[in-house]
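Residue-level structure breakdown
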Amino acid sequence: MSNTLEPKSLTDSHAHDPILEPLPKELRRHLHFTLDSEDADRNAYYRACAIAVRDRLHRDWRQTRGRASEGDVRRVHYLSLEFLLGRSLNNAIQNIGIDENLRNALHGVGLDLEEVADVEHDAGLGNGGLGRLAACFLDSCANLALPVTGYGIRYEFGMFHQRIEGGHQVEAPDRWLRNGNPWEIERTEDTKTIRFYGHTERYQDESGRPKIRWVATHDVLAVPFDMPIPGYKNGIVNTLRLWKSTTTDDFDLDEFNAGSYPESVAKKNDAEQISMVLYPNDSSENGKELRLKQQYFLVSASLQDVLNKWVQKHGKDFKDFGGKNCFQLNDTHPACAIPELMRLLMDEHGLEWDESWEIVTRCMAYTNHTLLPEALERWSVQLFSRLLPRILEIIYEINERFLAMVTTQFPDDPGLRDRVSLVEGGHHPHIRMAYLSIVGSFSVNGVAQLHTDLLRSGLFADFCKIWPTKFNNKTNGVTQRRWLSHCNPDLRELLNESIGVQWQRDFSLISDLAPLVDDASFRERWDAVKLTNKRRLSKYVLENTGVEFDTNAIFDVQVKRIHEYKRQLLNVLHVIHLYDRIMKGDTADMTPRCVLIGGKAAPGYFMAKLIIKLINEVAQVVNSDPRSKGLLQMVFFPNYRVSSMEVICPGTELSEQISTAGKEASGTGNMKFMMNGALTIGTLDGANIEIREKAGAENFFLFGLSAAEVEETKKNYCPNAIIGEDPEIARVMELLEGGLFNSTEPGIFHHLISGLRNPHDQWLTIADFRSFIDTQRQVEQTYQDREAWTRMSILNSANSGWFSSDRTIQQYADEIWHVKSLNQDEK
Ligand SMILES: *Cc1c(COP(=O)(O)O)cnc(C)c1O
C-alpha cells in the first residue's frame, strides 16, 4: 500500500475554511498528529476522514449558530428520547459535496471509500421508526435551512446487538463509543444541573410573594455533546445536542470527612446510569424509575439550555419567549417539558402561574405516534411524587384548572371530567402522559391521515370536542438523500442523467420520471440497476446468513421491529403455504421467491422472540429441502439496523407492509422501499393508504380487512371456522401443528398456534390469510410480465415525491412552527 496521498482532484471548494489544506494533506496530518497512528489501515483512515470532514463543516456550523441566534428568528427545539442516526461519514460528504474528492484521496493510498466508510459504527440511539423519523427530520430541517436544534440523550449503549443462536435472538450490548465518536464536540461550558427526589417547601420572596422551592434534592449534571447536522449543499450546519449524565463535583462532605472517600466518589455511578442505556422497547411502555429519570433529565437540561440563552440576551423579560420558541415533543416521552417549563418560569424566574401557562401553551407541540393501548405512557403517582415532587404538584394544578374549565364549558356532559382527567384514579393512581401533552400543547398531530382520523374519532375524541382546532395531521416522510441518493448510487446516477440533479434538494421533481415508463431503453436501464442492487444484497445476505439468494427470484422483504401487530407471522404462514405447494408438486406457474425477514424483538417480549425462532426454523427446513431449489428460499437477517437497510432497500422488489389495519400509525420503511422502486403488498393501514393513492391503485397490491372491517370482524371472529373451511389454510396449520418445524423441540410453538386459533386474537391473522395468499399469487403473475412489473416499479418511484421528509418538515414549518428558512433572501 502506498502511503502517499496524491493531490488529484482539488476542487474541494465548498464549505471549508481557507486555513484548511487539500484533503489528502489533511488526512495525512490527522493520521500523523491528531491520531498519532502507526498503521495506516482502514480503521485509522476512517477516523482521519471523519475528523477532516468535521473540520470542513466547522465554519458553516459556527455561522449557522450565529445566524440562528442573531436577529429575532423564531426557533424550534425538537425533543426526542431517540435519534436513530446510523452512520455519518457518507451522509456528510454527500451533503457538502466532497464525496468524489474524498474517494480520490483514499484511492491515492490504495483504499476504497466504501471500505473505509464501512468501519463506522451505527449511532443506534433509537429503536425503530420513531427514532429514525427524528433523524430524517433533522436532515430535512438542515436541507430547508430551518433554525431547528435536536435535543436527545447521549446513551453510552445504543440499541442492542442481535445475534441468532439455535434460532433464538441473543442480545449483546452496543458499545458504539468504544473507538470514540469523531463527530461530537463536548461542551462542558454549557453543563446543567438536574434535580431529583427531595421535597418542596413554601416561602416568601423578597417582595413578600408566596413561592415554592424544591429542596434537599439529589443533583446530577448534564453535559452536552454536539453533533453537526449538515444541510444539502446550502452552507447550513444545524446541531443535535445530546446530554450525558455525570456526577456533581460537590462531594457529600459528611461522608467525605467520615473517611468514606470511596463511597462518596462511587456516587458518580448513580449519576452516570441515567444516560447509560437506551430502553429497547418499541411500541410498549417502560414503566421503570430509570426511564422516568431519563425523560426528566433530557427535558430539564434542554429547557434550561434554551432559557439560559434567552436570559443572556433578553434578561428576565419573557413576554416574547412563547413567540420565539417552539418545542416539538416526539411522542409523550418528553412530556415533562410542560410542567418543567412551568417550574423554571415560576420557581427560577419569578413569573406567576397565568403568564407562565400562557407561554407554555404557546410553545409546546406534541406528536402522537401510536394508538396501541400498551404503548400509552402512564406514570404512577407514587413514583412521581418520590422522584419529581415539584413536577407532580404542577401537574396536579394543571389538572385542577383544566377540569374546572371543562366543568364550566361542558355542563351537559358530567362524565367528561373523569374521562379527560390527567390523573387516572383508583388504588394506584397514574398520570396519563398523553393527556398532559394535549392539555399543555397548542398543536397535537398524528403521523398519517388514517392515524389522525382514528385519534380524532377514538383515543382523543373528548379532547377533540374541547379543542377541535388543536388536532392536525403531518404524514411522515423519509429523507431521499440517505434513502435513495446515498444508499442507491446506481439509481442516483440514472436519475441524475434522466431528470437532472435537483431532486436531491426538491423531491417533488421525482415526478419527472413518470413519462419515461414508455421508453423501452430507460426501462432496460432501470432493470439493470435493480439487478446490480439485488446482487449486492445477495452478497450481503450470504455474508450475514450463509444463504445465497438466487437473483432470478423475486426479492420479497419484511424488515422492521418484530411485533405481533406487524404480523411477521402472517408472512411466515405464507412461506409455509408456498413450501406446501412445493411438496405437493404444485409448482407449474410458481415464481421463484427469496424471502428476507429481519428485525429486533424487545428482550422481554416473549411472543416476538418466539416469532423469530419460528422464522429461523421454517427457513432451515425450506432451505435444506432440495425440492425448494430454484423456487423458494428464506432467511432471517440478523441485527437489522440503519446501515443494513441501506443495502436491503435498494435490492428489494416486494415490500411487505402487512400490519393489521388500524394498528400501524404510519410506517416509514414502506416509503424507503417505494422510493427505490419496490412494489408494496399491504393492508389499508398507516401511510400505506397514501402510498396507494399516490402510486395509483393499479400499482399497489392491496389485501386484507380495512380498519373499520377489523373492528366489525372482532365482534364475531371464528378463526377455527375459517381454518376448517379453507383446505390450504388448514394444511398450513397442520404442518405447523404437526411439528415439521420443531421436530426436535416439541411444543415450542404452542403459544403462536393457540394465538392464531384464539377468537380473541387481536391481530386477526387468520382472517386476512386467504386474501394474502390470493394477492401474493397476483404478485407472482405480475412479476412474470417483466414489462408490466418494471412499469409499476418506475411509477412507484415517480410518485414517491410526497414521502420526502422535506415535504413533511415544510408542513411542520408552515402549519405548526411558523418558522422560515435562514436562506430566505437567497431564494
Ligand atoms: C425505517 C426504519 C424503521 C421503521 O420501519 P417500519 O417498517 O416503518 O416499522 C425501523 N428500523 C430501521 C433501522 C429503519 O431504517
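None of the values given here were measured: they were computed from a predicted structure.

Counting its regular elements, the protein chain contains 33 helices and 25 strands. In terms of C-alpha radius of gyration, the protein chain reaches 28 Å, essentially the compact-globule figure of 28 Å for 827 residues. Across its three principal axes, the protein chain shows a C-alpha extent of roughly 90 × 75 × 60 Å. By the burial criterion, 60% of the 827 residues in the protein chain qualify as buried. Taking as baseline every contact in the protein chain between residues at least 6 positions apart, the subset at least 24 positions apart corresponds to 77%. Mean positive and mean negative side-chain charge positions of the protein chain (93 and 116 charges, respectively) differ by 2 Å.

Lining the immediate environment of the ligand, one finds 13 residues, of which Lys560, Lys566, Thr668, Gly669 and Lys672 sit closest. Between Gly669 and the ligand, the recorded distance is 3.0 Å, taken from a backbone N or O atom to an oxygen atom. When the free accessible area of the ligand is taken as 390 Å², the share hidden by the protein chains comes to 95%. Here the residues of the shell around the ligand are counted per class, giving 4 nonpolar, 5 polar and 4 charged.

With that settled, consider helix α11 (residues 337-348). In terms of burial, α11 is largely enclosed, as 11 of its 12 residues are buried. Those residues of α11 that fall on the buried side of the exposure criterion are Ala337, Ile338, Pro339, Glu340, Leu341, Met342, Arg343, Leu344, Leu345, Met346 and Asp347. Immediately beyond the C-terminal end of α11, within one or two residues, lies Gly350, with a positive phi of roughly 80°.

All right, on to the side chain of Asp190 then. For Asp190, the position within the fold is in the loop between β7 (185-186) and β8 (192-196). Within the local environment of Asp190, its side chain forms a polar contact with the side chain of Arg241, the two groups lying 3.0 Å apart. Among residues more than four places away in sequence, those in contact with Asp190 are Ala222, Pro224, Arg241, Trp243 and Asp305.

Cut-off values and rules
- Residues numbered from 1 in each chain as written.
- Predicted model: local features only at pLDDT ≥ 70, side-chain atom pairs only at ≥ 80, totals over all residues.
- Heavy atoms only, no water.
- Helix = DSSP H or I, 4+ residues; strand = E, 2+ residues; numbered from the N terminus.
- Rg over C-alpha atoms; globule rule 2.2 N^0.38 Å.
- Buried < 20%, exposed > 50% of the residue type's maximum accessible area, 1.4 Å probe, protein only.
- Contact = heavy atoms within 4.5 Å.
- Lys, Arg positive; Asp, Glu negative; His and termini not counted.
- Charge placed at Lys NZ, Arg CZ, Asp CG, Glu CD.
- Near = heavy atom within 4 Å.
- Polar contact = N/O pair within 3.5 Å; in protein donor to acceptor, adjacent residues only side chain to side chain.
- Areas by Shrake-Rupley, 256 points an atom, 1.4 Å probe, with all protein chains shown as cover.
- Nonpolar A, V, L, I, M, F, W, Y, C, P; charged D, E, K, R; others polar.

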